Structures are given as C-alpha cells and as structure tokens.
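Structural characterization, general
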Amino acid sequence: MANKIEVKDLLEAGVHFGHMTRKWDPNMAPYIYMERNGIHIINLYKTAAKIEEANEALKKIAASGRKILFVATKKQAKDIVAEKALACNMPYITERWPGGMLTNFVTIRKAVKKMATIDKMKKDGTFMTLSKKERLQVDRLRAKLEKNLGSIADMSRLPAALFVVDIKAEHIAIKEAQKLNIPVFAMVDTNSDPREVDYVIPANDDASKSIDKILSLVTAAVIDGLANRTSDKEGDDTHEVEVVEEVTAAEVVVEAAAVEAAPEVEAAPEVEAVVELEAAPEVEAEATEPKTEE
C-alpha cells in the first residue's frame, strides 16, 4: 500500500515554503495559502489532494508495465531522485539533460548500445587486442556514456510519463515531452507556471527534505502499481520506436578516438546537447537556494 498522505508530515518537511513574493508566477495563485515575511506559503491541503491525484495516475502507468522517467539535475535533488528511482526500478536523469533525449530517442539508444558493445568487447577479448592508447580512449568513452546515460540503459522505448523536480531547471525535458504528448508530473514551486505540466504537485522544490518527502510518497505509489502489475508487456504502441542496429567494435574505437581528439565535444557525437538552451543548471539552483533559509 502507498503511504497515507498527512498534511502534518508535509508541514514538517517544509513543503509549504514558496519563493519570495516578488518572484511568484500569478498562475500559482490557486495553490497559495498566504504570504508571510515576504514569502508565499503553499496550501498543503491542495498539495495533498494533488499528490493523491498524481499517485493514482502513476500507479496505473506502473501497473501497465510502462516506464516513468524521473528528471532532476539540480544539486539538492540529484541523489534523492537517483535513490528513489532505483528503489522502484525506474529510469532517471540526474546529470545534464541530453538534448534530443526524447525527440531523438533512436540516436540516444544507439549511444546506449555503445556501452553494451564495449562491455561485450571486454568479455570476448576484443578489448585486449587494441593498443594501449585505444583501450584508454574506449574506457574514457565508456565512463562518459555511463555518467550521462547509464541510468537509462534499460529504457528500451520512450517513457510513458516524466516526473520532474523544478520545471524551470528542466524546461528542455518538458518541451520535448510536450512535443511527443508524454504526460508530465512535476513538483511546481510558486515561481513556476503550472500550465506547463499535466499533473501539478505544488511544493517547495528547493529544500532536500521537501523533495525527499514528495518523492517518497510518489515512488511508494509506483511500487504499489508494480505490485499490481497485470501484464508483462512494456508500454503501448503509441510510444514504440524502431529497432536500433547493433554497434560494432570498430565503430566504438573510431568514435573513442574522435572524442579524444575533440575534448570540447560532450559525450558521443550522437548525443547532441542544445547548448544555447542548456545554460548552467547550477546557476538556477543557486538563485533559488536562499529561499529555504527564510
């Protein structure tokens, strides 16, 4: 059974603290209870109701065997999201969002295949036939791919939903999901526009205790849905993708050398990041950080 949602627990976790009133988004007005010392206070009764609504939908998705992709790249959320997503066996992104992660999923899958190819090379002895320099280059490529894409290695098709912490920091992920009509569940603070997401959970998205509390409730519902799973089939036909061809050892070696020769290129050439949109997620996190000290 999923955890019962108690307003008292949400209060103790600091879920009710919003941003400074001058930073608010007017569209969050229905979820704001009051203003205190220049800070908006979120209505926790509405938060509890929205968590219940989101949990029901997530439970159905999990029960159908489809995947929910958890996204959080801000410093105070990364470790929490990774831990909670692993606990319910769901994919997650906690490093920089790879541009085209959803809209160019076949290419991302090919980059993931490279990791499997490198592992296979090490098992069948092909790896040891390479020169020392090539082995070093391939190892570095494997480490870079693991860091950026390792957490989605088992995601063989597009996710059925996204769960996002801080929609301002993860605006690229949300835009990609919207293009593909993938529903977005998100913790939305008072400085964000709730119209961007399908399932709004009004909450403090900066304090680690608040993030931990919401994620605990959400993943408990996902685990509950997995327990009631009715089918071993993963997903429906709406999010099917074409089969990705195997990557050869020769292709891996060539690419590892190319990446080594051009260190300014991030990860594999296929995993193209939209640099002008990426900015620096850390800056956004720092900008909102002081709010939690109030």
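Our subject is the structure that appears above.
No experiment lies behind these values; they were computed from the predicted model shown. Throughout this description, residue numbers start from 1 for each chain and increase along the sequence as written. Predicted model: local features are reported for residues with pLDDT of at least 70 only, side-chain atom pairs are reported and counted for 80 or more only, and whole-chain, interface and lining totals are derived from all residues. To obtain the side-chain values, all non-hydrogen atoms of the structure were included, while hydrogens and water were left out.

Some points on the overall build of the protein chain
Secondary structure counts use DSSP, requiring at least four H or I residues in a row for a helix and at least two E residues in a row for a strand, with both numbered from the N terminus. Counting secondary structure elements, the protein chain contains 10 helices and 8 strands. Under the scheme applied here, a residue whose accessible area is under 20% of the maximum for its type counts as buried, over 50% as exposed, and between as partly exposed, the area being computed with a 1.4 Å probe on protein chains only. For the protein chain, the residues scored as buried account for 50% of the 294 residues in total. Contact between two residues is taken to exist if any of their heavy atoms lie within 4.5 Å; hydrogens are not considered. By sequence separation, contacts in the protein chain at least 24 residues apart represent 71% of the contacts at least 6 residues apart. Counting only carbon and sulfur atoms, one obtains 51% of the accessible surface of the protein chain, whose full area is about 14,300 Å². Working definition of accessibility: Shrake-Rupley area with a 1.4 Å probe, residue cover restricted to the visible protein chains.

Concerning the packing of aromatic side chains
Within 6.5 Å between ring centres, the rings of Phe, Tyr and Trp (the latter by its six-membered ring) count as paired, and their orientation is classed by plane angle as stacked under 30 degrees, edge-to-face over 60, tilted in between. Considering all chains together, one arrives at 2 aromatic pairs under this definition. Consider the rings of Phe70 and Phe163, whose centres lie 5.6 Å apart with planes at 35°: the pair is tilted. You can see Phe70 sitting in strand β4 (residues 68–71) and its partner Phe163 sitting in strand β6 (residues 161–165), a full 93 residues away along the chain. When sorted by exposure, Phe70 lands in the same class as Phe163, which is buried. Positioned above the aromatic ring of Phe127, the side-chain terminus of Lys122 is 5.1 Å from the ring centre. Comment: the charge-over-ring label is applied if NZ (Lys) or CZ (Arg) is within 6 Å of the ring centre and within 35 degrees of the ring normal.

Quick look at the sheet that holds strand β3 (residues 39–42)
Pairing between strands is defined by DSSP: at least two bridges between them are needed. The antiparallel open sheet is built from 3 strands, whose spatial order is β1-β3-β2. Either end of the sheet is taken by a strand with one partner, and the two such strands are β1 (17–20) and β2 (32–36). Direction aside, the axes of adjacent strands within the sheet are offset by 30° on average. Where β2 lies against β3, 4 bridges are found, and the strand directions are antiparallel. Opposite Met34, over in β3, you have Ile41 as the bridge partner. Axis definition: a line fitted to C-alpha atoms, over the contacting stretch in the case of helices. Angles run 0 to 180 degrees between N-to-C directions.

Structural notes on the packing of helix α3 (residues 75–87) against helix α7 (residues 208–227)
Between α3 and α7, whose axes approach to 10 Å, the crossing angle comes to 15°. Taken together, the axes of α3 and α7 lie roughly parallel to each other. By crossing handedness, the relation of α3 to α7 is classed as right-handed. In this structure, α3 uses Gln76, Ala77, Ile80, Val81, Lys84 and Ala87 to contact α7, whose residues at the interface are Ser208, Ile211, Asp212, Leu215, Ser216, Thr219 and Ile223. Convention used here: angles under 35 degrees read as roughly parallel, angles over 145 as roughly antiparallel, angles from 65 to 115 as roughly perpendicular, and any remaining angle as oblique. Take the far helix as the reference: if the near one is turned anticlockwise from it by less than a right angle, the crossing is left-handed, and if turned clockwise, right-handed.

Brief notes about the environment of Pro98
Mapped onto the fold, Pro98 is located in the loop between β5 (92–93) and α4 (105–124). When the C-alpha atoms of Pro98 and Ile108 are compared, they prove to be 8.5 Å apart, with 10 residues separating the residues in sequence.

Focus: unusual backbone geometry
Keep in mind that most residues, glycine aside, have a negative phi and that most peptide bonds are trans. A positive phi angle is found at Asn37, which is not glycine, with a value near 50°. Summarising the element assignment, Asn37 is placed in the loop between β2 and β3. Even without a glycine there, the phi angle at Asp166 is positive, about 75°. Locating Asp166 in the fold gives a position in the loop between β6 and α6 (171–179). Judged by relative accessible area, Asp166 falls into the buried class, the value being 4%.

What to know about the side chain of Thr219
Within the element layout of this structure, Thr219 appears in helix α7. Here Thr219 falls in the buried class, since its relative accessible area comes to 6%. At 3.4 Å, the side chain of Thr219 and the backbone oxygen of Ser216 are in polar contact. As used in this structure description, the phrase polar contact means that two N or O atoms lie within 3.5 Å; if the pair is within protein, one of them must be able to donate a hydrogen and the other to accept it, and residues adjacent in sequence are counted only when both atoms belong to side chains.

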